[in-house]
Amino acid sequence: MQTLALKSPGRNARAARVRLCDLDELPVGLGRAFVVAGRTVAVFRTRDGNVFATANACPHKAGPLADGMLVGHQVVCPMHAFRFTADSGECDQPNVCAVTTYLVEVEGTAVFLTLPAA
């Protein structure tokens, strides 16, 4: 797991943007965990080329989502097979709260993550 620190504030004083890696360092169809400013984030690259990020811990039992499988634009928790959507983080199971999602942008070959203010 790669640990990254924030070097400068993002586009505004409330959010911070950090360069995570090159796009080809994200395996297609799998997740990769990063620690960014003390938060563990799971970043995924889908088979159709989209990149998205969620908190790495499943809100149900704290399973490591970066170790989960991708099904389309959903990540499947490796502990209990709960599915979370890439855009909203909503769970497919009733009474399970959504996982936090983060803005990810790909510029050229670089992948950037924006963290909201803590």
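Up top is the structure.
Read on for a plain summary of the structure. (Residues numbered from 1 in each chain as written. Predicted model: local features only at pLDDT ≥ 70, side-chain atom pairs only at ≥ 80, totals over all residues. Heavy atoms only, no water.)

1. A word on the pattern of salt bridges
- Tallied over the entire structure, the rule returns three salt bridges.
- Taking the shortest distance from any N to any O, the salt bridge between E105 and R17 comes out at 3.1 Å. Taken as a pair, E105 in strand β9 (residues 101–107) and R17 in strand β2 (residues 15–22) lie far apart in primary sequence, 88 residues in all.
- A salt bridge links R19 to D22, with the nearest nitrogen and oxygen atoms 2.2 Å apart.
- Through salt bridges that share partners, R17, E105 and E107 make up one connected network. (Salt bridge = Lys/Arg side-chain N within 4 Å of Asp/Glu carboxyl O. Helix = DSSP H or I, 4+ residues; strand = E, 2+ residues; numbered from the N terminus.)

2. Section: unusual backbone geometry
- The backbone of A37 sits at a positive phi, close to 50°, despite the residue not being glycine.
- Looking at the element boundaries, A37 is found in the loop between β3 (31–36) and β4 (39–45).
- For A37, a relative accessible area of 44% corresponds to the partly exposed category.
- At A81, a residue that is not glycine, the phi angle is positive and equals roughly 65°. (Buried < 20%, exposed > 50% of the residue type's maximum accessible area, 1.4 Å probe, protein only.)

3. A look at the sheet that holds strand β6 (residues 69–71)
- Sheet architecture is open: three strands sit in the order β6-β7-β8, paired in antiparallel fashion. A strand with exactly one partner marks an edge of an open sheet, and here the two such strands are β6 and β8 (83–85). Across this sheet, the average inter-strand angle for adjacent strands is 30°, counted without regard to direction.
- Here three bridges tie strand β7 (residues 74–76) to β8, and the two strands are oriented antiparallel to one another. (Pairing = 2+ DSSP bridges. Axes fitted to C-alpha atoms, helices over the stretch in contact; angles between N-to-C directions.)

4. Some remarks on the environment of F44
- Relative to the helices and strands, F44 is located in strand β4.
- The buried category is assigned to F44, whose relative accessible area is 0%.
- Sequence separation between F44 and R32 is 12 residues, and the spatial gap between their C-alpha atoms is 6.5 Å.
- Excluding residues within four positions of it along the chain, F44 makes contact with L30, G31, N50, V51, F52, T54, L65, A66, L70 and V75. (Contact = heavy atoms within 4.5 Å.)

5. A look at the pairing of β3
- In terms of burial, β3 is a largely internal element, five of the six residues being buried.
- In this sheet, β4 lies alongside β3 in antiparallel orientation, the contact comprising six bridges. What sits directly across from V36, in β4, is R39.

6. Some words on the side chain of T114
- For T114, the location among the structural elements is in strand β10 (residues 110–116).
- If we skip the residues at most four places from it in the chain, T114 touches A15, A16, R17, Y102, L103 and E105.

7. Side note on the nonpolar core
- Ranked by size, the top nonpolar core spans 34 residues in total, and within it L20, L65, F84 and L113 carry the most contacts.
- Counting only elements with at least two residues in this core, the list comes to β2, β3, β4, β5 (51–55), β9 and β10.
- With residues up to four places along the chain from it excluded, the contact list for L113 reads A16, R17, V18, L20, V36, V41, A53, Y102, L103 and V104. (Core = buried A, V, L, I, M, F, W, Y, C linked by side-chain atoms within 4.5 Å.)

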